[in-house]
Amino acid sequence: MKTAAVLTISDSSFQGKREDISGPTIVRQLEAAGFQIIKTITVPDERVHIQKQLIECSRQAQLVVTVGGTGVAARDVTPEATMAVAEKLVPGIAEKMRTEGAKKTPFAALSRGVCGIRGKALLLNLPGSPTAAGESLQAVLDILPHALELLTGNTEH
């Protein structure tokens, strides 16, 4: 069973001012793809808090997905937090999400989300909008199981 954690990165959702719609959208998509969700949490747009959760979740889940904080606003620091804890980056996955997103909106180019590896976990940044998050995940969902297999050491093809 593939395991995943979903972190919603949002000051307003963390403070209870706005309902988190994006996180549950991603949870449903991952469950439909056969993932067991072992943790969901809402985190403020603070690098230290994001980094702490990425580290903790990467010890527990094979896939750690963040939703939000990937744009160009001053408080959007999810990519920086991810790069700070990742041991390697996987730029092709983020490029694929932006390429597919650009087919629907020119604003996809504003997403700075990254994908990286920490230990045996894949860290994946998705945009905060429910539509953009869901479309971004769908763009790469079919390649994630293979990436996770490789991370477990199963490199036989």
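## What about the overall build of the chain?
Then step 1. What the chain contains, in helices and strands, is seven helices and six strands.
Then step 2. Secondary structure elements of the chain occur, N-terminal to C-terminal, as β-α-α-β-α-β-α-β-α-β-β-α-α.
Then step 3. Computed over the C-alpha atoms, the radius of gyration of the chain is 14 Å, within 12% of the 15 Å expected from 2.2 N^0.38 for a compact globule of 157 residues.
Then step 4. A principal-axis box enclosing the C-alpha atoms of the chain has dimensions of 45 × 35 × 30 Å.
Then step 5. For the chain, the proportion of its 157 residues judged to be buried stands at 48%.
Then step 6. Long-range pairs, those at least 24 residues apart, make up 75% of the contacts in the chain between residues at least 6 apart in sequence.
Then step 7. Here the chain displays about 7,800 Å² of accessible surface, and carbon together with sulfur accounts for 54% of that area.
Then step 8. Here the chain carries 17 positive and 16 negative side-chain charges, and the mean point of each set is 2 Å from the other.

## Some details on helix α4 (residues 78-85)
Then step 1. Every buried residue of α4 is listed here: T78, P79, A81, T82 and V85. Burial along α4 is one-sided: seen end-on, the buried residues are contained in an arc of 160 degrees.
Then step 2. Buried-residue contacts for α4 involve β1 (2-9), α3 (47-60), β3 (63-67), β5 (115-118) and β6 (121-126).

## Some points on the environment of T3
Then step 1. The residue T3 is located in strand β1 in this model.
Then step 2. C-alpha separation for the pair T3 and Q36, spaced 33 residues apart in sequence, amounts to 4.8 Å.
Then step 3. Not counting chain neighbours up to four residues away, the residues in contact with T3 comprise F35, Q36, I38, Q60, A61, Q62 and L63.

## Side note on the side chain of S13
Then step 1. Along the polypeptide, S13 turns up in helix α1 (residues 11-14).
Then step 2. Relative accessible area serves as the criterion here: at 13%, S13 is assigned to the buried category.
Then step 3. A distance of 3.1 Å separates a polar atom in the side chain of S13 from the backbone oxygen of R18.
Then step 4. If sequence neighbours within four positions are ignored, S13 has contacts with R18, E19, D20 and T42.

## Notes on the state of the cysteines
Then step 1. Scanning the entire structure with this criterion turns up zero disulfides.
Then step 2. Note on C115: no disulfide assigned, nearest cysteine sulfur contributed by C57 at a separation of 15 Å.
Then step 3. For C115, a relative accessible area of 1% corresponds to the buried category.

## Description of the packing of helix α2 (residues 22-32) against helix α6 (residues 130-140)
Then step 1. Orientation of α2 relative to α6, taken along the N-to-C sense of each, is 25 degrees, at an axis distance of 9 Å. By the criterion of interaxial angle, the relationship of α2 to α6 is roughly parallel. In the packing of α2 onto α6, the handedness of the crossing is right-handed. Residues S22, T25, I26, Q29 and L30 of α2 form the contact with α6, whose participating residues are P130, A133, G134, L137 and Q138.
Then step 2. Broken down by class, the residue content of the contact of α2 with α6 amounts to five nonpolar, five polar and no charged.

Rules used in this analysis
Residues numbered from 1 in each chain as written. Predicted model: local features only at pLDDT ≥ 70, side-chain atom pairs only at ≥ 80, totals over all residues. Heavy atoms only, no water. Helix = DSSP H or I, 4+ residues; strand = E, 2+ residues; numbered from the N terminus. Rg over C-alpha atoms; globule rule 2.2 N^0.38 Å. Buried < 20%, exposed > 50% of the residue type's maximum accessible area, 1.4 Å probe, protein only. Contact = heavy atoms within 4.5 Å. Areas by Shrake-Rupley, 256 points an atom, 1.4 Å probe, with all protein chains shown as cover. Lys, Arg positive; Asp, Glu negative; His and termini not counted. Charge placed at Lys NZ, Arg CZ, Asp CG, Glu CD. Arc of directions from axis to C-beta. Polar contact = N/O pair within 3.5 Å; in protein donor to acceptor, adjacent residues only side chain to side chain. Disulfide = S-S within 2.5 Å. Axes fitted to C-alpha atoms, helices over the stretch in contact; angles between N-to-C directions. Parallel < 35°, antiparallel > 145°, perpendicular 65-115°, else oblique. Left-handed = near helix turned anticlockwise from the far one by under 90°. Nonpolar A, V, L, I, M, F, W, Y, C, P; charged D, E, K, R; others polar.

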